[in-house]
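Each chain is listed here by its residues.
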Amino acid sequence: MGWVRSKRGSKGIFFIALNDGSTIKNVQIVGEDQNFDEETVKLITTGACLKVVGTLVESPAAGQASEIQAKEIEVLGACDNTYPLQKKGASWEYLRTVAHMRPRTNTFGAVLRIRHNMAMAIHTYFHEHGFYYFHTPLITASDCEGAGNMFQVTTKNLYDLKKDDQGKIDYSDDFFGQQVALTVSGQLEGELGATALGQIYTFGPTFRAENSNTPRHLAEFWMIEPEMAFYDKTDLMDLEEDFIKYCVRWALDNCRDDLEFLNKMVDKTLLERLEGVLKESFVRLPYTEGIEILQEAIKNGKKFEFPCQWGDDLASEHERYLVEEHFKKPVIMTDYPKEIKAFYMKLNEDGKTMQGTDVLFPQIGEIIGGSVREESYDKLMAEINRRGMETEKLEWYLDTRRWGSCPHAGFGLGFERLILFVTGMQNIRDVIPFPRTPKNCEF
Ligand code: ATP
Ligand code: MN
């Protein structure tokens, strides 16, 4: 049983390329017109769903090793010519307008099978390395460092909002009795897990109301966030590198047919790039040295849209210059100025930089954001106060530092950014079945 990808015929014989979604490879069905009633044969059109009974034989023709000589064909679901995926070579933009149907195309089938395989790789990697899968909440009252703008969750009647004397919305009668939102990161809760179970990882949906409309951002994406007690910066970078390489290796070992298809149809350098990442040691580059390299490049005539003085947050053009043009391999950038990083990162001796360890990849830019966490209660509080943050909703987090605090570190990997890299697809909207982006929540 499967769906018709194409049908052709000549001299009383027809050939159907049938696909059931389990692999990129179609099975060829061969039938003779005279053995089937005319009505049935007419209904065998691109997109139709068939049940075929026949004999599997060695194929006499080149192009496939075997084929099925059909004895019976039943049309389970006919498909008329309004089917939106008839034509080959439809644009990505067009396919997004029929995102609910595009999994039936070869490319999206390949991407989605790889996506599944990457999820299996991730769970297997962590399980084999002694990490526990830890579930952090999706509805939260804390906003994790303001990692992104949040989607509010409420059961209040928005047409009739109760306000207090100062005009502020009164949440006491809302479902949770306070203002809550969808999570932008499971990290803070993940730290609770790591300081109890030693090594944990999360793998779940993450929501950011980013109005950025880039090919690298979704409003709803999946993030993997391992958090490890007793890890220092070197341990952390070793894990980031080993973990990503494991996932890429898994794809090469388990998704060969789909990768070869994508390498042929989407990106001719894909396999080469995946193999390349496995061979290279990632460069470990302090931010300050990165800035020096970028400044040197500017001196030699390189033009960037955004500034990159010491202290600036690097834009993806800078990250990609370092990775794709300067080093030509993945870079783990470390020790960022504290002004551009989150409050929980461990401060270096210099008092100016923090122990972040972001992984920058060719084509993608930032794929992992990681850091050693500040384990000292006093230092963490000093940073919180310096930033003028409220601690009211963070007390539970600070308890990790109050009682039995320990050195620890962790990172967040954007699942779809990994899939972008592994598939060679260009737009993050095309590596998740139902993308959510600004003004787009249709399917
Ligand atoms: P960026 O600078 O690319 O917006 P970020 O620094 O805000 O990312 P982090 O808060 O460090 O992201 O999140 C950890 C990882 O989650 C990132 O390295 C990236 O892989 C992924 N990620 C972050 N935001 C998004 C998003 N909107 N859509 C998809 N993946 C994302
Ligand atoms: Mn980041």
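Above this text sits the structure in question.
Trainee: Report on the packing of helix H6 (residues 256-265) against helix H7 (residues 270-279), specifying residues and quantitative values.
Mentor: Here H6 crosses H7 at 125°, and the two axes come no closer than 8 Å. The orientation of H6 with respect to H7, classified from their angle, is oblique. Contact residues: H6 offers Arg256, Leu259, Glu260, Leu262 and Asn263, while H7 offers Leu270, Leu271, Leu274 and Glu275. Class assignment of the residues belonging to the contact of H6 with H7 gives a composition of five nonpolar, one polar and three charged.

Trainee: Break down the site of ligand 1 for me, citing the residues and quoting the values.
Mentor: Around ligand 1 there are 15 residues in total, and Glu210, His217, Glu366, Ile367 and Arg417 lie nearest to it. One of the side-chain nitrogen or oxygen atoms of Arg208 is found 3.0 Å away from an oxygen atom of ligand 1. Glu210 has a polar side-chain atom sitting 2.8 Å from a nitrogen atom of ligand 1. For ligand 1, whose free accessible area comes to 590 Å², the fraction covered by protein is 80%. Contributions of two or more residues to the shell around ligand 1 are made by strand S11 (220-229), strand S15 (365-373) and strand S16 (408-414). Residue composition of the shell around ligand 1, by class: six nonpolar, four polar and five charged.

Trainee: If you had to explain the packing of helix H3 (residues 106-128) against helix H12 (residues 415-423) to someone new, which residues and values would you point to?
Mentor: Between H3 and H12, whose axes approach to 10 Å, the crossing angle comes to 120°. Classified by the angle between their axes, H3 and H12 sit oblique to one another. Between H3 and H12 the crossing geometry is right-handed. Between H3, through Val111, Ile114, Arg115, Met118, Ala119 and Ile122, and H12, the contact on the second element is made entirely by Phe415, Glu416, Leu418, Ile419, Val422 and Thr423. Tallied by class, residues from the contact of H3 with H12 come to nine nonpolar, one polar and two charged.

Trainee: Before we move on, can you summarise the pattern of salt bridges with the specific residues and values?
Mentor: Side-chain pairs of opposite charge can arise where the charged atoms are in close proximity. Under the defined criterion, the tally for this structure stands at 31 salt bridges. Between Lys42 and Glu39 there is a salt bridge, with the nearest N and O atoms lying 3.6 Å from each other. Placement of both Lys42 and Glu39 in helix H1 (residues 38-43) is noted, with a separation of three residues, approximately one turn of the helix. Among the residues examined, Lys42 registers a relative accessible area of 55% and is labelled exposed. As a salt-bridge pair, Glu260 and Arg256 come within 3.4 Å of each other at their nearest N and O atoms. Here Glu260 and its partner Arg256 are both found in helix H6, four residues apart, which amounts to about one turn of the helix. One network of salt bridges, in which partners are shared, links Lys156, Lys162, Asp170 and Asp173.

Trainee: So what about helix H8 (residues 287-299)? Which residues, and what values?
Mentor: Helix length check: H8 (13 residues) gives 18 Å between terminal C-alpha atoms against 18 Å at 1.5 Å per residue, within 8%. On its buried face, H8 sits against strand S12 (283-286), helix H9 (316-327) and strand S13 (331-337). Of the residues flanking the end of H8, it is Gly301, one or two places downstream, whose phi is positive at about 105°.

Trainee: How would you summarise unusual backbone geometry if you had to cite specific residues and measurements?
Mentor: Here the phi dihedral of Asp335 falls at roughly 55°; this positive angle occurs in a residue that is not glycine. Counting through the fold element by element, Asp335 comes out in strand S13. Even without a glycine there, the phi angle at Lys439 is positive, about 65°. Along the chain, Lys439 turns up in the segment after H12.

Trainee: How would you sum up the sheet that holds strand S6 (residues 132-133)? Please name residues and give values.
Mentor: Taken together, eight strands build an open sheet; the order of strands is S6-S10-S11-S16-S15-S14-S13-S12 and the sheet is mixed. Two strands in the sheet have a free side with no partner beyond their single neighbour: S6 and S12. When strand S14 (residues 353-361) meets S15, the two strands line up antiparallel, connected through four bridges. By the bridge assignment, Phe361 is partnered in S15 with Gly365.

Parameters and conventions
Residue positions within a chain follow its written sequence, with the count starting from 1. Each chain gets a letter, beginning with A, and each ligand a number, beginning with 1, in the order they are written. Restriction of local features to residues with pLDDT of at least 70 applies here, the model being predicted, together with a cutoff of 80 or more for giving and counting side-chain atom pairs; totals for whole chains, interfaces and linings are based on all residues. Side-chain measures were taken over the full set of non-hydrogen atoms in the model, leaving aside hydrogen atoms and water. Axis angles are defined between N-to-C directions and span 0 to 180 degrees, where every axis is a line fitted to C-alpha atoms and, for a helix, only to the segment in contact. Per the convention used, a helix needs a DSSP run of H or I reaching at least four residues, while a strand needs a run of E reaching at least two, with both numbered from the N terminus. Note on angle classes: values under 35 degrees are labelled roughly parallel, values over 145 roughly antiparallel, values of 65 to 115 roughly perpendicular, and the remainder oblique. Here a residue-residue contact requires only that any non-hydrogen atoms of the pair lie within 4.5 Å. The nonpolar class holds Ala, Val, Leu, Ile, Met, Phe, Trp, Tyr, Cys and Pro. Asp, Glu, Lys and Arg form the charged class, and all remaining residues, Gly among them, are polar. Near residues are defined by distance, with any heavy atom within 4 Å of the molecule or strand qualifying the residue. Here a polar contact is taken to be a pair of N or O atoms separated by no more than 3.5 Å, where protein atoms must pair a possible hydrogen donor with a possible acceptor and residues adjacent in sequence count only if both atoms sit in side chains. Methods summary: accessible areas were calculated by the Shrake-Rupley approach with a probe of 1.4 Å, and residue burial reflects only the protein chains presented. Crossings are classed by handedness, with left-handed meaning an anticlockwise turn of the near helix from the far one by less than a right angle and right-handed meaning a clockwise turn. When a carboxyl oxygen of Asp or Glu is within 4 Å of a side-chain nitrogen of Lys or Arg, the pair counts as a salt bridge. The cut-offs for exposure are 20% and 50% of the maximum accessible area for each residue type, with area from a 1.4 Å probe on protein chains only; residues under the lower value are buried, those over the upper are exposed, and the others partly exposed. The span one expects for a helix is its residue count, reduced by one, times 1.5 Å. Between any two strands, pairing holds if DSSP finds at least two bridges.

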